[in-house]
Amino acid sequence: RLRCGCASTARALERRQWRVWAGDELMETKLEPVESFLESGLMPRGQLVFAYGRPGFGKSFLFTVGLSLHLALGEPWFGLSTQPCRVLVLAAELPAVRFQDYARQWGLEVNARLAVLAAESLSSPALLSDHEVVDDIVALSLSHRADVVLIDPFSRFHMGAESPEHLAPSLVGLQRIAALANACV
């Protein structure tokens, strides 16, 4: 166990219930792997994963539609193996007809492991800082038994600039969804 040099550090570790591993101890300890839906642990269950890029870069086509289809089918995505899983997509700026078009462009079947809440259904603001909205997303995730919840775009689910003080309440909401739905968000 790593030794702390001062009493205040020891109190902080105890108060926060943080465990600091010594490097050799960490590498010698057998730990259970976290289930992941994308190769190399890139989409771990119960955790948050972000894909960020400028508008018009193709995130909706590549991630929202492409990744969701590949995950639902268990097909490799850009050379990365996937684990077949249930995917819930909250597509705030992607109408159902556009999702259909994108899905056809990928040339993959769409199966029942995929559920899409398209833009037409999300006409009113759904802010992740609102506990009711978060509870509703958790309920929807649980009813679909979603392993992965894809939210596109994140900017439609929070208010204000993308600064820590504006994003923090929404990130707490995302963490709550991941924990309560036991899904990668």
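Check the entry above for the structure.
Bear in mind the structure is a predicted one, so any value in this text is a computation, not a measurement.

**A closer look at the environment of Val 133**
Link 1 in the chain: Inspection of the secondary structure puts Val 133 in helix 5 (residues 131-144).
Link 2 in the chain: Those residues in contact with Val 133, other than ones at most four positions away along the chain, are Ala 126 and Leu 127.

**Here we look at the sheet that holds strand 2 (residues 114-117)**
Link 1 in the chain: Here three strands make up an open sheet; going across it, the order is 2-1-3 and the pairing parallel. Only two strands of the sheet have a single partner each, and these edge strands are strand 2 and strand 3 (148-152). With direction set aside, neighbouring strand axes in the sheet form an average angle of 15 degrees.
Link 2 in the chain: Strand direction decides the pairing type here: strand 1 (residues 87-91) and strand 3, joined by five bridges, are parallel. Its bridge partner lying in strand 3, Val 87 is registered against Val 148.

**Points about the pattern of salt bridges**
Link 1 in the chain: In the structure shown here, the tally under the stated rule is six salt bridges.
Link 2 in the chain: Across the pair Glu 25 and Arg 19 runs a salt bridge whose closest N-O atoms are separated by 2.5 Å.
Link 3 in the chain: Asp 147 is the salt-bridge partner of Arg 45, the closest N and O atoms lying 2.8 Å from each other. Of the two residues, Arg 45 sits in the loop between helix 2 (23-28) and helix 3 (59-73) while Asp 147 sits in the loop between helix 5 and strand 3, which places them 102 residues apart along the sequence. Asp 147 carries the same exposure label as Arg 45, and that label is buried.

Scoring rules and cut-offs
- Sequence order as written defines residue numbering, which begins from 1 separately in each chain.
- Given that this is a predicted model, residues contribute local features only at a pLDDT of at least 70 and side-chain atom pairs are listed and counted only at 80 or more, while totals for whole chains, interfaces and linings are drawn from all residues.
- Note that water and hydrogens are dropped before the side-chain values are worked out from all heavy atoms of the structure.
- Numbering of helices and strands starts at the N terminus; helices are DSSP runs of H or I of at least 4 residues and strands are runs of E of at least 2.
- Two residues qualify as a contact provided that any one of their heavy atoms is within 4.5 Å of a heavy atom in the partner residue.
- Pairing between strands requires that DSSP locate at least two bridges from one strand to the other.
- To get an axis, fit a line to the C-alpha atoms, keeping to the stretch in contact for a helix; angles then go from 0 to 180 degrees between the N-to-C directions.
- Salt bridges, as used here, are contacts in which a Lys or Arg side-chain nitrogen is within 4 Å of a carboxyl oxygen on Asp or Glu.
- Only protein chains enter the area calculation, which uses a 1.4 Å probe; residues under 20% of their type maximum are buried, those over 50% are exposed, and those in between are partly exposed.

Shape is all these values report; function is a separate question.
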